[in-house]
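Next come the chains, spelled out residue by residue.
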Amino acid sequence: MNDDYLWDKTGQPDPQIQQLEEILGTLRYQPKPLAIPNLAVPRRRNYFPLLAIAATVLLAILAGGIWLRMRPRNEVPKQQAKIVEPAAPKPEEKPVKPKSAVNQPVLATNRIHGKRSASSVLRKREREEALMAKEQLMLALRVTTQKLHLVHTKTSPATQIKNQHRIG
Amino acid sequence: MYATADMLLTSAKAHAAEQSQEPAIEVVLVRAVLEGDRDGFAGLYDLYAPLVHGILLARVPRAEVDDLVQDIFLHAFKKLHTLRDESAFGPWIAMIARNRAVDFHRRSKVTVEINDELRGSDTHDSKAREILELIRGLPEAYRETLVLRLVEGMTGPEIAARTGLTAASVRVNLHRGMKLLREQLGFMEGL
């Protein structure tokens, strides 16, 4: 059996296949005009600009994220230096230059903080001395109490009776 | 008889030779339609209507085929901009046709059966329909290829080029499908 006729209609024709073609050919497609309604011709959408914009935004977000991560390590000391510098103005500039809103609280807090810290140091020492004095006083009172108690026991009549046998 | 290596090589060469021309035509037509030329789609319709007709004939009742062919090409016209590879218009519309046939059976199974029975007693080409029914009873891989070859008169290389199947698989499907059909036809008188 030769398959060429079945494959591409070349070679020796197969009578059975020819007969099938003849019979089934009646069902073959009959050309009919295609009725396309008056629709707009579809256009292919170009997604490249949208993709480019999306990629740019994504890159910007990534760069921003990286910058935010790196920023605190490098720039925070500079900001601190900027705040501290105006906090110690020269004494000559004081009457000439009005106090800025930024500097004022920094200076004020520093002064108050300085006084408070000095007084607190003094108070601490006084407290410690007072506590020591109190302890010494309490110790002295305790010793006195003990001695008074001893005197009292020795001079009381009950103890005198108890000690009679020893004397007698 | 199975295809030998020489036969496959020869057919592959013929297939490649045909493919080198055919895709160029469909690519030009698809591009023309996407650029606004409505007549270009008529060219695609003329080229691929037999393929769609054959695919549907292997799956749905004959009375429904013509309307479905029109529907499929209308759908293809609306969705043509979604086709990424212009040279794949054939496989793309073949897939639309197969899916539409599945949808048809899902929606109107009862109607199809009644229509087939009614038409069987009226028409002159009853023998053709009997053979077509036998082909429809074959495994899916064989029935489409056999209908395209025996009903639509397409050659093996044409079927391969338009459906996107390889020439080897079309050849195997034709050979095995024909063998099964011959066995089925052995029970029919006059063949």
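Before reading on, note that the structure itself is shown above.
To keep things clear, this report deals only with the structure shown in the data block. Here the structure is a predicted model, which means the values were calculated and not measured. Residue numbering note: each chain is counted from 1, following its sequence as written. Naming scheme: in the order in which they are written, chains are lettered from A and ligands are numbered from 1. Totals for whole chains, interfaces and linings use every residue, but because this is a predicted model, local features are given only for residues with pLDDT of at least 70 and side-chain atom pairs only at 80 or more, for both listing and counting. With hydrogens and water stripped out, all remaining heavy atoms of the structure feed into the side-chain values.

Quick word on the overall build of chain A
- The helix and strand tally for chain A stands at seven helices and zero strands.
- Counting from the N terminus, the helices are DSSP H or I runs at least four residues long and the strands are E runs at least two residues long. Along chain A, from the amino end to the carboxyl end, the secondary structure elements read α-α-α-α-α-α-α.
- Think of it in three bands: residues with accessible area under 20% of the maximum for their type are buried, residues over 50% are exposed, and the middle band is partly exposed, with areas taken using a 1.4 Å probe on protein chains only. Per-residue burial over chain A gives 11% buried out of 168 residues.
- Accessible surface for chain A amounts to roughly 14,700 Å². Of this, 62% is attributable to carbon and sulfur atoms. Note on areas: Shrake-Rupley with a 1.4 Å probe; residue coverage comes only from the protein chains shown.

Things to note about the nonpolar core
- Residues grouped as a nonpolar core are buried Ala, Val, Leu, Ile, Met, Phe, Trp, Tyr and Cys residues, joined through side-chain atoms within 4.5 Å. In this structure, F41, L56, F73, F89, I93 and L181 of chain B are the most contacted members of the largest nonpolar core, which totals 64 residues.
- The dominant element in this core, judged by the number of residues it contributes, is helix α2 (residues 39-57) of chain B, at 11 residues.
- The residues contacting F41 of chain B, other than those within four sequence positions of it, are L34 and I36 of chain A together with V33, F73, A76, F77 and F89 of chain B. Throughout, a contact is declared for two residues whenever any of their heavy atoms are within 4.5 Å.

Thoughts on the packing of aromatic side chains
- Stacked, tilted and edge-to-face are the three classes assigned to paired rings of Phe, Tyr and Trp, where Trp is represented by its six-membered ring and a pair needs centres within 6.5 Å; plane angles under 30 degrees give stacked, over 60 edge-to-face, the rest tilted. What the rule picks out here adds up to five aromatic pairs over all chains.
- Both rings, one in F89 of chain B and one in W92 of chain B, keep their centres 5.8 Å apart while their planes meet at 55°; by these two values the pair is tilted. Linking F89 of chain B with W92 of chain B, this pair stays in helix α4 (residues 89-107), spanning three residues, or about one helical turn.
- Take F89 of chain B: its relative accessible area is 0%, and that puts it in the buried class.
- The class of W92 of chain B is buried, set by a relative accessible area of 18%.
- Here the aromatic residues F41, Y45, F73 and F77 of chain B are joined through ring pairs into a cluster of three or more.
- Over the ring of Y5 of chain A we find R149 of chain B, and its NZ or CZ is 5.5 Å from the ring centre. Look at NZ for Lys and CZ for Arg. If either is within 6 Å of the ring centre and within 35 degrees of the ring normal, a charge sits over the ring.

Focus: helix α2 (residues 15-24) of chain A
- All buried positions along α2 of chain A are accounted for by I17, L20, E21, I23 and L24 of chain A. Here the buried residues of α2 of chain A occupy an arc of 170° about the axis, which is enough to place them on one side. Along α2 of chain A, exposed side chains directed more than 90 degrees from the buried face belong to P15 and E22 of chain A.
- Taken together, the buried residues of α2 of chain A touch α1 (4-8) of chain A together with α6 (126-136), α7 (140-151) and α9 (167-185) of chain B. The directions from the helix axis to the C-beta atoms form the arc being described.

Focus on the interface of chain A and chain B
- Contacts between the two partners involve 34 residues from chain A and, on the opposite side, 51 residues from chain B.
- Buried area: the accessible surface (1.4 Å probe) lost by two parts on joining, summed over both. In this assembly, chain A packs against chain B so that about 4,100 Å² is buried in total across both faces, 62% of it on carbon and sulfur atoms.
- For this document, the term salt bridge refers to a Lys or Arg side-chain nitrogen within 4 Å of an Asp or Glu carboxyl oxygen. Summed over the shared surface of chain A and chain B, the number is four salt bridges.
- For R149 of chain B, the salt bridge goes to E21 of chain A, with nearest N and O atoms at 2.4 Å.
- Polar contact is defined as a pair of N or O atoms within 3.5 Å, subject to the rule that within protein one atom must be able to donate a hydrogen and the other to accept it, and that residues adjacent in sequence are counted only when both atoms are side-chain atoms. Across the chain A-chain B interface, the total number found is 14 residue pairs in polar contact (both at pLDDT 80 or more).

Structural notes on the pattern of salt bridges
- Enumeration over the complete set of coordinates arrives at 10 salt bridges over all chains.
- Note that K32 of chain A and D66 of chain B form a salt bridge whose closest N and O atoms lie 2.5 Å from each other. Of the two residues, K32 of chain A sits in the loop between α2 and α3 (48-84) while D66 of chain B sits in helix α3 (residues 62-78), which places them in two different chains.
- In this structure, E140 of chain B and R59 of chain B form a salt bridge, with 3.2 Å as the shortest nitrogen-oxygen distance. Here E140 of chain B is found in helix α7, whereas its partner R59 of chain B is found in the loop between α2 and α3, with 81 residues between them in sequence.
- The network of salt bridges with shared partners includes R59, R98, E140 and E144 of chain B.

Here we look at the packing of α2 of chain B against α7 of chain B
Residues and elements named next belong to chain B.
- In contact at an axis separation of 8 Å, α2 and α7 are set at 125° when each is read in the N-to-C sense. Here α7 runs oblique to α2, going by the angle between their axes. Here α2 runs over α7; the crossing is right-handed. Between α2 and α7, the residues in contact are P50, L51, G54, I55 and L57 and E144, V147, L148 and V151, respectively.
- Gly is placed with the polar residues, together with every amino acid not listed as nonpolar (Ala, Val, Leu, Ile, Met, Phe, Trp, Tyr, Cys and Pro) or charged (Asp, Glu, Lys and Arg). Residues belonging to the contact of α2 with α7 are distributed by class as follows: seven nonpolar, one polar and one charged. Inter-axis angles, ranging from 0 to 180 degrees, are taken between N-to-C directions of lines fitted to C-alpha atoms, where helices are fitted over the stretch in contact. The labels follow the angle: roughly parallel below 35 degrees, roughly antiparallel above 145, roughly perpendicular from 65 to 115, and oblique for the rest. Two helices cross in a left-handed way if the nearer one is turned anticlockwise from the farther one by less than a right angle. They cross in a right-handed way if the turn is clockwise.

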